[in-house]
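Examination of the molecular architecture
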Amino acid sequence: MWREYVREVTPYTPGEQPGGADVIKLNTNENPYPPCSGVARALKEFDCEALRRYPDPAVSKLRGAIASYHNLDMGNVFVGVGSDDVIAMCYMTFFNSDKPILFPDITYSFYDVWADEFKVPFTVKALNDDFRINKSDYYVENGGVIIPNPNAPTGIAEPVEFFEDILNHNRDSIVIIDEAYVDFGASSCIELLSKYDNLIVVRTFSKSRSMAGSRIGYALASEEIITALHNVKYSYNSYTMDSVTIKLGVEAIKDEKYFRDNLDKVICTRNWTRDRLNELGFQVFDSSANFLFVKPSGISAKALFEKLKERNIYVRYFNKPRIDNYLRISIGTDSEMQALIEAIAEII
Ligand SMILES: *Cc1c(COP(=O)(O)O)cnc(C)c1O
């Protein structure tokens, strides 16, 4: 009989993680460059004696470092094991009404998975034909709103005023802006935090800080929101972030120059790749992220995805309505992108 009571969910499908040295991996938006050198130093100098003890459940050192980086108080910062963990906690804490939460039809494909997992009703709002968000779609009664800026997998960003309009029409809901890629060229909604106590801005160390393997994400919001998140988190698992990660996270935000240089390199490579793909006749969306969303020319997206894979080049193909003829290509190093362009030119 127990099978009747098993929760059935369709899990989120992450991009493949192929092994091997000669693989060019452009399918999960990781950063092609290592984290700043302070991270390597901290790891080398880590005193393993410290592992005897539980980590600080309040993660005060890392939260303090993130708070001062953004000129906020520690009471405005919640950290989690990747922003996936942070967003899941937000669903558990805030999305408990009978009204549906709202997000775009084409967006981060984890949003509907969490909705199923936590039994949260949801309604998707279709992007327009140019794959832009129509803000008035979010001016209806709802149980919460979650939107990435820039959006994924399109890479298209909207300005802060756009989200302020959505916030002004949603004074009774929690509005989450997922800024996983914001450092690569979009404007942050952090400046709106002082005006809207229902806004949550979610960030990650995985993309712009080259720390996907460490799993660090955070939310910035009013103290009332952060306290509510902590109450739920401490009732679920108090010690989610380990001592090593806390230490490395503090180091990862210290080197601002390295961080800026790294972003500049990725953006420069993105623009070069965009121009080459345009020359090959591809439709390329204007990207403010570390990936390009493209419609191939002369070949279907699926065929190109498979042919690139035969050459050990991995990009992301989504077998989903409306976007099944597009590919999402993460920005790698210059030489990786040159190899990609050469391979595509040969294939088509
Ligand atoms: C990558 C990504 C995340 C999750 O990143 P973590 O590695 O869990 O921090 C969240 N939202 C979007 C839109 C992403 O692309």
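Further up the page is the structure itself.
Predicted model, so just to flag it, every value in this text is computed and none were measured.

Within the protein one finds 10 helices and 13 strands. Taking 2.2 N^0.38 as the reference for a compact globule, 348 residues should give roughly 20 Å; the C-alpha atoms of the protein span a radius of gyration of 20 Å, in line with that estimate. Taking the principal axes of its C-alpha atoms as reference, the protein extends roughly 55 × 55 × 50 Å. When each of the 348 residues of the protein is scored for burial, the buried share is 52%. When contacts within the protein are restricted to residue pairs at least 6 apart in sequence, long-range pairs at least 24 apart make up 73% of them. Element-wise, carbon and sulfur atoms account for 48% of the exposed surface of the protein, whose accessible area totals about 16,200 Å². Of the charged side chains in the protein, 38 are positive and 49 negative, and the gap between their average positions amounts to 3 Å.

Applying the stated criterion to the full structure yields 23 aromatic pairs. Taking the centre distance of 5.2 Å and the plane angle of 10° together, the rings of F293 and Y326 count as stacked. Within this pair, whereas F293 is found in strand β10 (residues 291-295), its partner Y326 is found in the loop between β12 (316-317) and β13 (327-330), the two being separated by 33 residues in sequence. As far as the burial class goes, F293 and Y326 line up, both buried. Ring pairs connect the aromatic residues Y12, Y91, F95, F103, Y108, F110, Y111, W114, F118 and F122, which therefore count as one cluster. In this arrangement the basic side chain of K265 is found over the ring face of Y33, its NZ or CZ atom lying 3.9 Å from the centre. Residue placement shows R328 over the ring face of F291; its charged tip is 5.7 Å from the ring centre.

As a further point, take the site of the ligand. By nearness alone, every residue bordering the ligand is listed as G82, S83, D84, Y108, D178, A180, Y181, T204, S206, K207 and R215. Between the ligand and S83 there is a distance of 2.6 Å, counted from an oxygen atom to a backbone nitrogen or oxygen. Contact between the ligand and D178: a nitrogen atom at 2.6 Å from a side-chain N or O atom of the residue. When isolated, the ligand has an accessible area of 390 Å², and the protein chains bury 93% of it. Assessed atom by atom at 2 Å from the grid points, the ligand resides in the largest pocket. No other element matches helix α3 (residues 82-94), which puts three residues into the shell around the ligand. Split by residue class, the shell around the ligand holds three nonpolar, four polar and four charged.

Moving on to the packing of helix α8 (residues 256-279) against helix α10 (residues 334-347). It is the contact of α8 with α10, at a shortest axis distance of 10 Å, that shows an interaxial angle of 10°. Comparing their axes, α10 and α8 come out roughly parallel. Within the contact between the two elements, α8 uses T269, W272, T273, R276 and L277 and α10 uses D334, M337, Q338, I341 and I344. Residues of the contact of α8 with α10, tallied by class, amount to five nonpolar, three polar and two charged.

If you walk across this open sheet you meet the four strands as β9-β10-β13-β12, and the pairing is antiparallel. Bordering the open sheet on either side are β9 (283-284) and β12, each of which pairs with just one other strand. Across four bridges, the pairing between β10 and β13 is antiparallel. Across the sheet, residue V294 finds its bridge partner in β13, namely L327. Running at roughly 10° to β10, α8 makes contact with β9, β10 and β13 of the sheet.

This next bit is on the packing of α3 against helix α6 (residues 223-234). With their axes 9 Å apart at the nearest point, α3 and α6 run at an angle of 95° to one another. The orientation of α3 with respect to α6, classified from their angle, is roughly perpendicular. Contact residues: α3 offers M89, C90, M92, T93 and F94, while α6 offers I225, A228, L229, V232 and K233. Tallied by class, residues from the contact of α3 with α6 come to eight nonpolar, one polar and one charged.

Another point: the environment of V81. Its location among the elements puts V81 in the loop between β2 (77-80) and α3. Accessibility expressed as a relative area gives 28% for V81, which makes it partly exposed. In sequence terms V81 and M241 are 160 residues apart; their C-alpha atoms lie 6.2 Å from each other. Setting aside residues up to four positions removed in sequence, V81 forms contacts with R215, T240 and M241.

What counts as what
Residues numbered from 1 in each chain as written. Predicted model: local features only at pLDDT ≥ 70, side-chain atom pairs only at ≥ 80, totals over all residues. Heavy atoms only, no water. Helix = DSSP H or I, 4+ residues; strand = E, 2+ residues; numbered from the N terminus. Rg over C-alpha atoms; globule rule 2.2 N^0.38 Å. Buried < 20%, exposed > 50% of the residue type's maximum accessible area, 1.4 Å probe, protein only. Contact = heavy atoms within 4.5 Å. Areas by Shrake-Rupley, 256 points an atom, 1.4 Å probe, with all protein chains shown as cover. Lys, Arg positive; Asp, Glu negative; His and termini not counted. Charge placed at Lys NZ, Arg CZ, Asp CG, Glu CD. Phe/Tyr/Trp six-rings, centres within 6.5 Å; stacked < 30°, edge-to-face > 60°. Lys NZ or Arg CZ within 6 Å of the ring centre and 35° of its normal. Near = heavy atom within 4 Å. Polar contact = N/O pair within 3.5 Å; in protein donor to acceptor, adjacent residues only side chain to side chain. 1 Å grid on protein atoms, 1.4 Å probe; cavity = no way out; pocket = protein on both sides within 12 Å on 5 of 7 lines; lining within 4 Å. Sits in = over half its atoms within 2 Å of the grid points. Nonpolar A, V, L, I, M, F, W, Y, C, P; charged D, E, K, R; others polar. Axes fitted to C-alpha atoms, helices over the stretch in contact; angles between N-to-C directions. Parallel < 35°, antiparallel > 145°, perpendicular 65-115°, else oblique. Pairing = 2+ DSSP bridges.

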